[in-house]
Amino acid sequence: MWNRLFGPVRTYIAKMLPEVVFVLGAPGAGKGTQCTFISKEFGFIHLSAGDLLREERQRPGSEYGEMIEEKIRNGEIVPVEVTCSLIHKAMEKSGKSRFLIDGFPRNKDNLEGWERVMSDKTKLLFVLFFECSRDLCTDRCLGRGAAGSGRSDDNIESLKKRFNTYLNDTMPIIDHYDKQDLVCRINAEVSPQEVFADVKKCFTALGIQSIDK
């Protein structure tokens, strides 16, 4: 009887949960560019874990600023409690219900922290994974730095550390979600337009329509 009464309520609540797509890939794989395209096409709010951390680092009086700067400069990963807190605040502040979370979760600690803190507050749709060679990603990041990106980690030494972190810590996350059949793999070595053509298929396969329709 209780299941009959409250089952529809639970279903309704589940439908109301914010929907999330994790966006992962090596540094320079084009995650930010594609997130911009996705936001315009499908109305998802783009939340970059890295950007949120950089903003917090620069916020006057931040208790985490110095620690975040050191972690980013050394190509290391910021404690999950800090990152999850910043993501959750940004989601609530937006007032929206669909989000791209770019550059997260990046390691096992991130994954466990998200599942512990956020899994009952959100619904994960899938993981968008951009595959790109190390050489091409390095060239893109160095070019971005030379063009004045202002990022302290767009240099060869930081990139070496970031790639090691990516290979050792982030790839197991892809394997984890692969086992759940939640990963949409994208070849990110072609033009941004060609990449986005494949990206759109991941969303339309779930029945997610363009906001122009």
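In the nomenclature of an unreviewed UniProt entry, the protein is known as UMP-CMP kinase of Pieris macdunnoughi. Recorded under Function (unreviewed entry), the UniProt text for the protein is reproduced unchanged: "Catalyzes the phosphorylation of pyrimidine nucleoside monophosphates at the expense of ATP. Plays an important role in de novo pyrimidine nucleotide biosynthesis. Has preference for UMP and CMP as phosphate acceptors." Checking UniProt for the protein, the heading Subunit (unreviewed entry) contains the comment "Monomer."

Before going further, it helps to examine the UniProt feature "binding site: ATP" (unreviewed entry) in the protein. UniProt records the feature "binding site: ATP" (unreviewed entry) for Gly28, Ala29, Gly30, Lys31, Gly32, Thr33, Arg144 and Val190 in the present numbering. Of the residues named above, Gly28, Ala29, Gly30, Lys31, Gly32, Thr33, Arg144 and Val190 line the largest pocket. On the basis of relative accessible area, glycine 30 is assigned to the partly exposed category, the value being 24%. Along the polypeptide, threonine 33 turns up in helix H2 (residues 31–42).

The next point concerns the sheet that holds strand E1 (residues 19–25). Strand order in the open sheet formed by five strands is E2-E3-E1-E4-E5, and the pairing between neighbours is parallel. Each end of this open sheet is capped by a strand with a single partner; those strands are strand E2 (45–48) and strand E5 (183–187). For this sheet, the mean angle separating the axes of adjacent strands, direction not counted, is 25°. Strands E1, E2, strand E3 (98–102) and strand E4 (123–131) of the sheet are contacted by H2, whose axis makes an angle of about 175° with E3.

Approximately 810 Å³ is the volume found for the largest pocket. Along the walls of the largest pocket sit 42 residues, with Pro27, Lys31, Asp102, Arg151 and Arg162 positioned nearest its centre. For the lining of the largest pocket, the secondary structure elements donating two or more residues are E1, H2, E2, helix H3 (49–58), helix H4 (65–73), helix H7 (134–146), helix H8 (156–178) and helix H9 (192–204). In terms of residue count, the dominant contributor to the lining of the largest pocket is H3 (five residues). There is about 260 Å³ of room inside the second largest pocket. Taken together, Leu52, Glu55, Glu56, Arg59, Tyr64, Ser85, Leu86, Lys89, Ala90 and Lys93 make up the lining of the second largest pocket.

Looking now at the confidence of the model for the protein. Summary statistics for the protein give a mean pLDDT of 87 and a share of 92% for residues scoring 70 or more. Within the model, pLDDT remains below 50 along residues 1–14, and this stretch shows three contacts once partners closer than five positions in the same chain are excluded.

Moving on: the packing of aromatic side chains. Summed over all chains, the structure comprises eight aromatic pairs. Note on phenylalanine 126 and phenylalanine 203: the rings are 5.1 Å apart at their centroids and 75° apart in plane angle, and the pair reads as edge-to-face. With phenylalanine 126 in strand E4 and phenylalanine 203 in helix H9, this pair connects stretches of sequence that are 77 residues apart. Each member of the pair, phenylalanine 126 together with phenylalanine 203, is buried. Members of the aromatic cluster, joined through ring pairs, are Phe22, Phe104, Trp114 and Tyr177.

For the rest of this paragraph, the subject is the nonpolar core. In this structure, Leu128 and Phe203 are the most contacted members of the largest nonpolar core, which totals 56 residues. For this core, the leading source of residues is helix H5 (residues 80–94), giving seven residues. Excluding anything up to four places from it in sequence, leucine 128 contacts Val21, Phe22, Val23, Leu24, Ile38, Cys184, Ile186, Val199, Cys202 and Phe203.

Criteria and thresholds
Residues numbered from 1 in each chain as written. Predicted model: local features only at pLDDT ≥ 70, side-chain atom pairs only at ≥ 80, totals over all residues. Heavy atoms only, no water. UniProt positions renumbered as here; feature names shortened; annotations may be inferred. 1 Å grid on protein atoms, 1.4 Å probe; cavity = no way out; pocket = protein on both sides within 12 Å on 5 of 7 lines; lining within 4 Å. Buried < 20%, exposed > 50% of the residue type's maximum accessible area, 1.4 Å probe, protein only. Helix = DSSP H or I, 4+ residues; strand = E, 2+ residues; numbered from the N terminus. Pairing = 2+ DSSP bridges. Axes fitted to C-alpha atoms, helices over the stretch in contact; angles between N-to-C directions. Contact = heavy atoms within 4.5 Å. Points joined across faces, edges and corners; volume = space filled by probe spheres on them. pLDDT = per-residue confidence, 0-100. Phe/Tyr/Trp six-rings, centres within 6.5 Å; stacked < 30°, edge-to-face > 60°. Core = buried A, V, L, I, M, F, W, Y, C linked by side-chain atoms within 4.5 Å.

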